[in-house]
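# Descriptive analysis of the structure
This is what each chain is made of:
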Amino acid sequence: MKSIDIAFYADFGKSYGKGLEIENIALQCKKKEILGKVFIRQKTSMNHDIYGHQEHVLIFGNMFFKLLSGIQKYIFKGFRSRYWQEKVFDYLVSLKIKKEGKNKIFYGVPRLNRSFKKAKSYGYITVLHAAEMNANENLRIVEETYKNDRPPSIWDRELLDSSINCYQYIDFVIAHSEKSKKSYVKNGFNKNNVFLTPMGFDADKIIPKKKYSQSGKTKFLYIGNITKMKGIHLLMEAWENIDNQEAELHMCGDIYEDLAFEVKNFTAKNSNVFYHGYVSPSCWFEKCDVFIFPSLSEGFSRVVIEAVASGMTAIISEAATDINLFDNGYNGFIVDSSAEEISEKIASLIGKHDLIEKIGRKASEDFSQFSWEHFGENTSEILLNLHTDFKA
C-alpha cells in the first residue's frame, strides 16, 4: 500500500534545512507500509532504509541548487536564488508525479504550486507540510515591520504570493505550532482540516546542561538568523532599555541585510554584547544561562526546543513555538513580540541564578521526549488516518 508521495526541498537526513524532518517522516511512513516516492534535492547513502524510495529531482543531486546559492553569495547579491531554486525544484517534482489510481496522498512543502496542482488534478489528497505560518499572515507582518523598507530576499513578495497561490490546491495542512495552525484557519482553511504536531530535536547532539552558573553576570543567548522577522530589532531595543551591567548578550547566526548596519552599531556601543557568527548551538547552550527567541513569525523554531531540552531557561515569543508545550513561568517564559515585554523579562532574570536553574531543569525534563522519531511517528499517523478515512 505505497500510498504517500512526499516532496521536500531538502537534503535527506541532513541536520540543516528540513533533512531530518523528511527522514523521520519517511521512516515512520515506511514502517506503516504507506510510503511511496520521496522527492528531494540530495539522496542519502545506499545502505539507508529509505534509499529505494528516494528520487533526486536532478541526477547530480543538489549541485545545481548550490550553484544558484553561490551566484547570489559571490557574484550578484540581487540574484533571487531561493525563488529560482524552489521554482526549479517544483517544476522537476511535477514531472515525476504519475497518475496511479485512487487514494494517493501528495505531501509537500510550501510553494510546490505545479506539483500540488498536478497531484490534485490526478485525484491525489494533497497535504501541506506547514513549514511556516500562513503566507497571508506573513505578508501582513512583513508589511507592518518593514513599511517602505525592503525586506530580506527570503521574505520576497513573490515567494509569499507563490505560497498564497498554492493554497488553492491544498486539502489538508499539518502545522507545527498553535499560532501557525490558527493562521491557516484564520485565512480560510477549515479548522477540521488543519492538524498539529510539534517538531523534534536530535537527542544525540543536544546534551543536558551539566552545570548552572551560581554567580557572576547572567548570560543571555540568541541563535538564529539576525533579521527583523526574528524580532532582533526588538531585542536590541529591549536590551538598551534596562540596566544590563550585570548581564551579557551573545548573538549567533547570519546577519541579514536589513539589520547589518544596526547590529554593527549595537555591538560597537555595548561592551557586554557579543556577535559570534554561525555556531554549533549545543556548546553555547552550555555556556549561557537564558535563551531568547522573540521571532515575529515561525512555523516552529527547532532551536527553541533544542535550547529548552538542553536545560536552558527560555524567553520566547508566541510565534516561535507551540505555546501548548509551555507552562508559562514554570518551564519557560512566553512573551509578546514587543520591546517592553522582552526588556521586563530580561530584567527580571538578571542575577536570579537559582530561578534560572530551577526553570531550566524543569524544561529539560519536560522537553526530553520531543525526538525526531516522535515527530515522524505523529506526522505519519496523521497521514495514515487521512488515507484510511478517504479509502473508506
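## Digging into the layout of surface pockets
By volume, the second largest pocket is sized at about 250 Å³. In terms of lining, the second largest pocket is formed by 16 residues, of which the most central are Ile-141, Glu-144, Lys-179, Leu-296 and Ser-337. Broken down by secondary-structure element, the contributors of at least two residues to the lining of the second largest pocket are α5 (135-146) and α8 (232-240). The element contributing the most residues to the lining of the second largest pocket is α5, with five residues. Class assignment of the residues belonging to the lining of the second largest pocket gives a composition of six nonpolar, four polar and six charged.

## With respect to the pattern of salt bridges
Summed over the entire model, instances satisfying the criterion amount to 21 salt bridges. Each of the salt bridges in this network shares a partner with another, and the network as a whole consists of Arg-82, Glu-86, Arg-111 and Glu-132.

## Points about the nonpolar core
Note that soluble globular proteins tend to have their nonpolar side chains buried in a common cluster. One finds Phe-220, Phe-291 and Ile-346 to be the most contacted residues of the largest nonpolar core, which totals 122 residues. In this view, Ile-346 contacts Phe-220, Leu-235, Trp-239, Ile-242, Ile-292 and Ile-315; residues no more than four positions away in its chain are not counted.

## Considering the sheet that holds strand β4 (residues 105-108)
Pairing in this open sheet of seven strands is parallel, and the strands run β3-β2-β1-β4-β5-β6-β7 from one edge to the other. The sheet is open, and its two borders are formed by β3 (54-56) and β7 (194-196), each paired with just one other strand. Neighbour-to-neighbour, the strand axes of the sheet open up by a mean angle of 20 degrees, direction not taken into account. Here strand β2 (residues 35-40) runs beside β3; their pairing, made up of three bridges, is parallel.

## Observations concerning the sheet that holds strand β11 (residues 290-293)
Taken together, six strands build an open sheet; the order of strands is β10-β9-β8-β11-β12-β13 and the sheet is parallel. With one partner strand each, in any of the chains shown, β10 (273-275) and β13 (333-335) form the two edges of the open sheet. In this sheet, neighbouring strand axes are inclined to one another by 20 degrees on average, regardless of whether the strands run parallel or antiparallel. Pairing geometry for β11 and strand β12 (residues 313-317), over four bridges, is parallel.

## Concerning a nonpolar patch on the surface
A contiguous nonpolar surface patch, about 380 Å² in accessible area, is contributed by Ile-59, Phe-60 and Met-63. Turning to its location among the elements, Ile-59 is positioned in the loop between β3 and α2 (63-75). Taking relative accessible area as the criterion, Ile-59 reaches 79% and is therefore assigned exposed.

## A few points about the packing of helix α11 (residues 302-310) against helix α13 (residues 353-367)
Where α11 contacts α13, the axes come no closer than 6 Å and their chain directions differ by 115 degrees. Seen from α11, the contacting residues are Ile-305, Val-308, Ala-309 and Ser-310; seen from α13, they are Gly-360, Ala-363, Ser-364 and Phe-367. Class assignment of the residues belonging to the contact of α11 with α13 gives a composition of five nonpolar, three polar and no charged.

## Overview of the packing of aromatic side chains
Aromatic rings in a pair are described by how distant their centres are and how their planes are angled relative to each other. Under the counting rule described, the total for this entry stands at 18 aromatic pairs. Between Phe-172 and Phe-195, the ring centres sit 6.1 Å apart and the planes meet at 35 degrees, which makes this aromatic pair tilted. Taken together, the residues span a long stretch of sequence, with Phe-172 in strand β6 (residues 172-175) and Phe-195 in strand β7 at a distance of 23 residues. The exposure class of Phe-195 is partly exposed, given its relative accessible area of 24%.

## Describing empty space enclosed by the protein
Applying the stated criterion to the full structure yields two cavities of 30 Å³ or more. Volume-wise, the largest cavity comes out at about 40 Å³. If you go around the largest cavity, the residues you meet are Tyr-83, Glu-86, Lys-87, Arg-111, Leu-159 and Ser-162. If you list the elements that add at least two residues to the lining of the largest cavity, you get α3 (81-96) and α6 (157-166). With three residues, the top contributor of residues to the lining of the largest cavity is α3. When its volume is computed, the second largest cavity comes out at roughly 30 Å³. Lining the second largest cavity are Tyr-212, Ser-213, Asp-289, His-353 and Ile-356.

Scoring rules and cut-offs
Residues numbered from 1 in each chain as written. Predicted model: local features only at pLDDT ≥ 70, side-chain atom pairs only at ≥ 80, totals over all residues. Heavy atoms only, no water. 1 Å grid on protein atoms, 1.4 Å probe; cavity = no way out; pocket = protein on both sides within 12 Å on 5 of 7 lines; lining within 4 Å. Points joined across faces, edges and corners; volume = space filled by probe spheres on them. Helix = DSSP H or I, 4+ residues; strand = E, 2+ residues; numbered from the N terminus. Nonpolar A, V, L, I, M, F, W, Y, C, P; charged D, E, K, R; others polar. Salt bridge = Lys/Arg side-chain N within 4 Å of Asp/Glu carboxyl O. Core = buried A, V, L, I, M, F, W, Y, C linked by side-chain atoms within 4.5 Å. Buried < 20%, exposed > 50% of the residue type's maximum accessible area, 1.4 Å probe, protein only. Contact = heavy atoms within 4.5 Å. Pairing = 2+ DSSP bridges. Axes fitted to C-alpha atoms, helices over the stretch in contact; angles between N-to-C directions. Patch = residues over 30% accessible without salt bridge, like charges linked within 9 Å, V, L, I, M, F, W, Y side chains within 5 Å. Areas by Shrake-Rupley, 256 points an atom, 1.4 Å probe, with all protein chains shown as cover. Phe/Tyr/Trp six-rings, centres within 6.5 Å; stacked < 30°, edge-to-face > 60°.

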